[in-house]
Amino acid sequence: TDYDFQDQITISFWANGDASILPVNTSVIEAADSLNNRILNIHFPWSNGEHYWDAGETNGYDRINQAATAGEIGGEWHHWAFTKNSTTQEMNIYKDGVLWLNGTGKTRDVGIVNTFKIGANRSQGNGWPGKIDEFRVWDTELSSTEIASWMNQKVTAAHPNYADLVLYYDFDGQQAVMDKSPNNIDGMMTTPGMI
């Protein structure tokens, strides 16, 4: 099912990468439109040790990237949030509730997502080795205050942007990936290399 994010998005999660493998070429998430154009991507990291945040519709995308420390790549739990707002023309990355990287002049709308992969790219390549928890996707740009205030607690209807919550996988189950957002978009676990 297609989902139109229009001009804003926030993706957040807790992550602990496998320090014995990273850095290598990875995508912790990648999403595409119905024509298989990349809409969203997070290299986490790429083999050069940089985290990349890509977002934008149709052909091409806006990007921000920055070198990450060894602890930001693997071996430690950190909370990460990635935001884009094409109206304010900003993209941000937050680590543990604090702004880690900002980019300006980012004018592409987020666009319509048709497929969304967690832990790999669209074709199940560039697998990300590590652990992910509390994975959330919003169709609005959350503020730094909202990110910091809610990163250590479960999302409930008390969240000021609960109506904007598109996906929420807390990964508390074993095999089933149940969506805790109001949208009931359950996920499916697959073995790397499988679709």
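Anyway, here's the lowdown on the structure attached to this text. (Residues numbered from 1 in each chain as written. Predicted model: local features only at pLDDT ≥ 70, side-chain atom pairs only at ≥ 80, totals over all residues. Heavy atoms only, no water.)

1. Some points on a negative patch on the surface
And step 1. On the surface, Asp-2, Asp-4, Glu-57 and Asp-109 cluster together into a patch of negative charge.
And step 2. Mapped onto the elements, Glu-57 comes out in the loop between β5 (50–55) and β6 (62–67). (Patch = residues over 30% accessible without salt bridge, like charges linked within 9 Å, V, L, I, M, F, W, Y side chains within 5 Å. Areas by Shrake-Rupley, 256 points an atom, 1.4 Å probe, with all protein chains shown as cover. Salt bridge = Lys/Arg side-chain N within 4 Å of Asp/Glu carboxyl O. Lys, Arg positive; Asp, Glu negative; His and termini not counted. Charge placed at Lys NZ, Arg CZ, Asp CG, Glu CD. Helix = DSSP H or I, 4+ residues; strand = E, 2+ residues; numbered from the N terminus.)

2. A short note on the side chain of Asp-33
And step 1. Mapped onto the elements, Asp-33 comes out in the loop between β3 (29–32) and β4 (38–43).
And step 2. Buried within the structure, Asp-33 lacks any salt-bridge partner; Arg-122 is the closest side chain of opposite charge, at an N-O distance of 6.8 Å.
And step 3. At 2.9 Å, the side chain of Asp-33 and the backbone nitrogen of Leu-35 are in polar contact.
And step 4. In this structure the side chain of Asp-33 is engaged in a polar contact, spanning 2.8 Å, whose partner is the backbone nitrogen of Asn-37. (Buried < 20%, exposed > 50% of the residue type's maximum accessible area, 1.4 Å probe, protein only. Polar contact = N/O pair within 3.5 Å; in protein donor to acceptor, adjacent residues only side chain to side chain.)

3. Overview of the pairing of strand β8 (residues 90–95)
And step 1. Looking at chain direction, strand β7 (residues 78–85) and β8 are connected through six bridges and run antiparallel. Following the sheet pairing, Trp-80 is matched in β8 by Lys-95.
And step 2. The turn linking β7 back onto β8 is made up of four residues, and Gln-89 within it adopts a positive phi angle of 65°.
And step 3. Here β8 runs beside strand β9 (residues 98–104); their pairing, made up of six bridges, is antiparallel. Along β9, the bridge assignment pairs Lys-95 with Val-98. (Pairing = 2+ DSSP bridges.)

4. Description of the environment of Thr-156
And step 1. Structurally, the position occupied by Thr-156 is in the loop between α2 (144–150) and β13 (165–169).
And step 2. Residue class for Thr-156 comes out partly exposed when judged on its relative accessible area of 37%.
And step 3. If near-sequence neighbours (up to four positions away) are discounted, Thr-156 is found in contact with Trp-150 and Tyr-162. (Contact = heavy atoms within 4.5 Å.)

5. Comments concerning the sheet that holds β9
And step 1. The strand order β9-β8-β7-β2-β12-β13 describes an open sheet built from six strands, whose pairing is antiparallel. The outermost strands of the open sheet, each flanked by one partner alone, are β9 and β13. Sheet twist, expressed as the average angle between the axes of neighbouring strands with direction ignored, equals 15°.
And step 2. With four bridges joining them, strand β12 (residues 130–138) and β13 adopt antiparallel strand pairing. Directly across from Phe-135, in β13, lies its bridge partner Tyr-169. (Axes fitted to C-alpha atoms, helices over the stretch in contact; angles between N-to-C directions.)

6. Quick notes on the nonpolar core
And step 1. Counting 33 residues, the largest nonpolar core has Ile-11, Phe-13, Leu-40, Phe-44 and Trp-53 as its most contacted members.
And step 2. Those residues in contact with Ile-11 that sit more than four places away from it in its chain are Ile-29, Leu-40, Trp-53, Trp-80, Ala-81, Phe-82, Phe-116, Phe-135, Arg-136 and Val-137.
And step 3. Ala-81, Trp-138, Leu-142 and Val-155 belong to the second-largest nonpolar core, a separate cluster that totals eight residues. (Core = buried A, V, L, I, M, F, W, Y, C linked by side-chain atoms within 4.5 Å.)

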